[in-house]
Amino acid sequence: MLRHTVIQNVPIAHAGGVRTPAAVFNEIFTVFLGLGTLVGIVVCAYTVYNAYAYRDTGEESKADADRPELGELPTGGGGGKKLFLSFGISAIIVLSLIVWTYSTLLYIETGPDSQQVQENALEINVEGYQFGWQFEYPNGQTTSGTLRVPQNEMVMLNVTSRDVFHNFGSPELRFKTDAIPGQSTKTWFVGQQAGTYEAKCYELCGTGHSYMNATVEVMPRDDYQQWYNGSESE
Amino acid sequence: MSDLPPKSSIRRWFLTTNHKDIGILYLVTALFFLVFGGLLAMLFRVELLTPAADFLGESGYNQAVSTHGLLMVFWFISPFAFGFANYIVPLQIGADDLAFPRLNALSYWLYLFSGILFGISFFQGVTFPGGWTMYAPLNTPAYMPGEALGATSVVLAMIMFVAAVTLGSVNFLTTMYRMRAEGLRMRDIPMFSLSINLTVWMMLFAFAALLAALIILSSDHIIGTNYFTYQIDGDTFATNVNNPGSSMLWAHLFWFFGHPEVYIVFFPALGVMAECFQTFTGRRLVGRKWFIISMVLVALQSFIVWMHHMFLTGINLEIKTLFMATTIGISLPFDLMVFSLIYTMIKGRVRYMTPFLFSLGALLLFILGGITGVFLGAVVLDYQFRGTYWVVAHFHYVMVAGATALFGGLYYWYPKMTGKMYNEFLGKVHFAVYFIGFNLLYFPMFIAWETPRRVFNYPVELTVWHNLSTVGAIILGGSFLIMFYNLFVSYFRGAEVGDQPWEFATSAEWAVASPPPLENFDGVPSYASGTLEFLSPSDVAKRQSGHSGAAADGGTAETSPATDGAGAEAGALATTETALATGAGTAEPTGHEHASHASFWPFMISLGGFLLFLGLSGIRTGSMLYTSLALVGGILGFGSLVGMAQEPFFAPETAIAERWPFADVEKMKLGMWTFLASDIVLFGAFIGSYAFIRFAYGWEAWHHDLIPEAHVTFPGLVNTYLLLTSSFAVVLAMVAAEKESRAGVMASLGATFALGVGFLINKGIEWQHLFHIHTEAFPEGWAITTNLASSTFYLTTGLHAAHVIIGLIIAGYMFFRSWNGAYLGDEKPIEYFGLYWHLVDIVWLFLFPLFYIL
């Protein structure tokens, strides 16, 4: 309780400025999509070009002297250098992309650099069940179906399940983690804009799987505090 | 042995053991399951026209998506590839047939009956609704509507399918290492055969892990063990039986199989693409050596990437990093293969025949599948793609690209198989419609990727994309009507083709008639001169005198592994041995007897196995119907096994063949070794599961909470001595056989048998005692279902005991044969049995400390 009242008065501790998982995802996805589209178009176009350029026109060509014959022991065609050059280029593209994203993986895994943000993070226990979500706040109160969090604060979710394998994720806030019976996993996010967001189950969990949604209510800090204080006495 | 009736006779197709007939049976059956799985996909694509469950209903939708996945992955795509493998591989490597023709027929019938059992599951109330990945604990009856008999049938059908796959793997490996034409080194075998070789290696190990998972799951369903149990009992958890590692155990077992499975599915397609690219461009594969090395690397590495399917399960950063690295690593060899195919076209004479169009199309689709897969390799992106249509679209672009190449293979080899040419125009139309349908079906899924997998109520704004997908599905599905029409009509009206309808094709299947004669080649194929020749008997005789010993191992009669019942896999081994025991005694030198091509027993064994499994699926209800089905099936299966073991069946080995690296390992022994390798993985997975569960529960608390005082070391110790001594007795039997001492063989085999029986009696007494203890902690005894520890103890040592029982059946059989003077001077059958028996012994040396001491 005390912790959260303190935050309100110390602006530096809030997480309004941190890179959210959503921002991280959008940046990497955009780069991958751009490069992927480019590489895809180039390689596919080159493939189709070759298939067209070397079509059988019925004319004799120089290479015809060395066509494969029935019953020969297989050998490779030439062109090894070119093969390794293209392989090398593709390997460099892939490896550099992955190395580049690795630092962001570390960021997502460990959370924002600011110690204060981390220490002030709001920890909420999430429990999945057939077919809904229950949220337990630090003051012990629980809600079902709606997760309320304060704006611009790091929220740490400890996610588990009480029956089968579920997965708790939000397409807009870009947090997602498996909800596994018998163990818990962690994920975090920051809601920088107040509003109502969706959370869904991303692992088939039975007949109600498709309906197993929750809402995430990102509330202005004062509103949240009011709700939170009020809820405790309930 | 019966005679093989002509192809026009329906009896032929039940009797045949010929690889080409079986290849056709596989292809036709796989296409049936394509239609089955495809219609299920149509059903849920129609459901997805609107974002609500207004067509199939909630449960119906889940069943449709789950069974669509299972049917396509297991019953369609791999068996389709193995239809070609059956038909083409022996032709390409210069063999008359597979090493164990009856085993091959048995593989097919087990496959067919497993599919029928799967079909029946739809009529047992509800079939399996938990997704093709079958995540625990949703895969247990506690979480299924009704009695869940349909789900049990699906699990049992998969066990039967795995039995077929394991027999097939052993068979193909033995064939490819023992029956290649002279001068054909492993690296020289055509690309399609090479891809099949690597595929079966992966199958041998990956499917053993799946088998462990499935045996455990079926035991949870039928016997009531608690490996995957996690359920609320009323308001509280039944803590003794809840496995806190349930979900993760399944995920590890499943994906350890599941990732190699991706390459198991895709490799044969790569092989077809390589063949078609070479033939239709008239160019040799660029960088062939590197292409092969890449495939070998992928096959090896496929076993260390599985945790990338589990990035969000809370595994630690170090392991995530490691698996991210192996995942990216495994994608690189594919880059090389793709470029190799592209460059093969350069300077070619590319002819756009239907097989090439499908191969080229497959390459383009695979490039897109590959690029979108790199996205998933970036873990941060993977987190968000997890459980969405991105994954669905990606793996369909990869797997169905594989299927695309295989359809190309169907057109490519159709003239070889039928002797008729398909209609080229209709083939091209099929390709055009197929390619448009494919992209219209799967590409919108990338755009609508935010849709969670396996839901019917997707976001409304994505409706247009889902509708496009549905239209694409109808076009893609409809394109097959063109194919079926074309292939059917061409069979009767197509133009006759010669040996080699495709210019620039090089491999040996094009050097024989279309369709090839029953025993494939007129002479003995040989590449010794650098090109394919067919040697006359006199040439062969000349060569043989040159290669002393090359033919020494020719002509052992075929052995007949088979399976039935719950110990499906172990059963296969058992009969290998049994038949071996008979077979080796009647071995004939090559050429002195005609090869056999017909046996009714594979069909009968599979029918028995099918009835048994169908019975087992419902036996927990106590219904008379199911119980009698199981009984009848068990008796029929076992009787047919004995029948097959008794049947004289002659499968000659080629007089001269390239056998590196197993020139000194006889056919039977090689088969046995490869089989035992998969058995080791099976036991490894069982032991691993035990350690995993115990660790998840708490290693020390396990012993304290879950195991009664009465579970003491002594019975296990006695059994260790019994087994060790019995292994020693097998060695003595071998020595006695070598010395041609009938009394010695009988005494040693008798001792082995008696010691094995002693082992079982001792175990029986121990189990009886534990079942009926009455203590404060275990008022109702320590039975199989009592808790986690009892589940793992009884099931793991029970699997071992099943192996002992099978060994005893063989030992008993051999004892009676030795009575009649068998094995004297020919100790090989005893040696093969010994290999199996020693393995069973060694496994116990691991089980004893794990389940009695630690």
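Residues numbered from 1 in each chain as written. Chains lettered and ligands numbered in written order. Predicted model: local features only at pLDDT ≥ 70, side-chain atom pairs only at ≥ 80, totals over all residues. Heavy atoms only, no water.

Participant: Sorry, what's going on with the confidence of the model for chain B here?
Facilitator: For chain B, the mean per-residue pLDDT works out to 92, and 93% of the residues sit at or above 70. Here residues 548–591 of chain B is modelled with pLDDT under 50, and outside its nearest four sequence neighbours on either side it reaches 130 contacts, counting other chains as well. (pLDDT = per-residue confidence, 0-100. Contact = heavy atoms within 4.5 Å.)

Participant: Whenever I open this one, helix H17 (residues 601–618) of chain B confuses me. Can you help?
Facilitator: Taking 1.5 Å as the rise per residue, H17(B) with 18 residues should run 26 Å; its terminal C-alpha atoms sit 26 Å apart, in good agreement. By the criterion of burial, H17(B) is predominantly enclosed, with 16 of the 18 residues buried. (Helix = DSSP H or I, 4+ residues; strand = E, 2+ residues; numbered from the N terminus. Expected span 1.5 Å × (residues − 1). Buried < 20%, exposed > 50% of the residue type's maximum accessible area, 1.4 Å probe, protein only.)

Participant: I tried to follow the domain arrangement of chain A on my own but got confused; where do I start?
Facilitator: One widely used convention gives an interface's size as the accessible area the parts lose upon coming together. Residue and element names in this part refer to chain A. When its domains are assigned, chain A resolves into domain 1 (21–55 + 79–110) and domain 2 (115–233). Computed over C-alpha atoms only, the centres of domain 1 and domain 2 are separated by 35 Å. In this assembly, seven residues from domain 1 lie in contact with seven residues from domain 2. Carbon and sulfur atoms make up 59% of the area that domain 1 and domain 2 hide from each other, which totals about 560 Å². (Domains from an automatic or database assignment. Buried area = accessible area lost by both parts, 1.4 Å probe.)

Participant: Just checking my understanding: could you explain the nonpolar core for this structure?
Facilitator: As a rule of thumb, nonpolar side chains are buried together in soluble globular proteins. Membership of the largest hydrophobic core comes to 320 residues, with the highest contact counts inside it found for B:Phe74, B:Trp75, B:Phe80, B:Phe207, B:Phe267, B:Phe385 and B:Phe407. Domain assignment of the residues forming this core places at least three in each of domain 1 (21–55 + 79–110) and domain 2 (115–233) of chain A. Among the nonpolar cores identified, the runner-up in size contains 31 residues, and A:Leu122, A:Val126, A:Phe168 and B:Tyr143 belong to it. (Core = buried A, V, L, I, M, F, W, Y, C linked by side-chain atoms within 4.5 Å.)

Participant: Whenever I open this one, the sheet that holds strand S7 (residues 175–179) of chain A confuses me. Can you help?
Facilitator: In sheet architecture, strand pairing relies on hydrogen bonds along the backbone and comes in two forms, parallel and antiparallel. All names here are of chain A. Pairing within the open sheet is mixed, and its five strands lie in the order S4-S10-S9-S6-S7. The open sheet has two edge strands, strand S4 (146–150) and S7, and neither has a second partner. Direction aside, the axes of adjacent strands within the sheet are offset by 20° on average. (Pairing = 2+ DSSP bridges. Axes fitted to C-alpha atoms, helices over the stretch in contact; angles between N-to-C directions.)

Participant: Looking at this structure, I do not really get the pattern of salt bridges. What am I missing?
Facilitator: Tallied over the full model, the rule gives 22 salt bridges over all chains. One salt bridge in this structure joins A:Glu153 and A:Arg221, with 3.7 Å as the shortest N-O distance. One end of the pair, A:Glu153, is in the loop between S4 and strand S5 (154–161); the other, A:Arg221, is in helix H5 (residues 221–233), and 68 residues separate them in sequence. For B:Lys828, the salt bridge goes to B:Glu666, with nearest N and O atoms at 3.1 Å. Remark: B:Glu666 occurs in the loop between helix H18 (624–646) and helix H19 (667–697) and B:Lys828 occurs in helix H24 (residues 828–853); sequence separation between them is 162 residues. By relative accessible area, B:Lys828 is classed as partly exposed at 36%. (Salt bridge = Lys/Arg side-chain N within 4 Å of Asp/Glu carboxyl O.)

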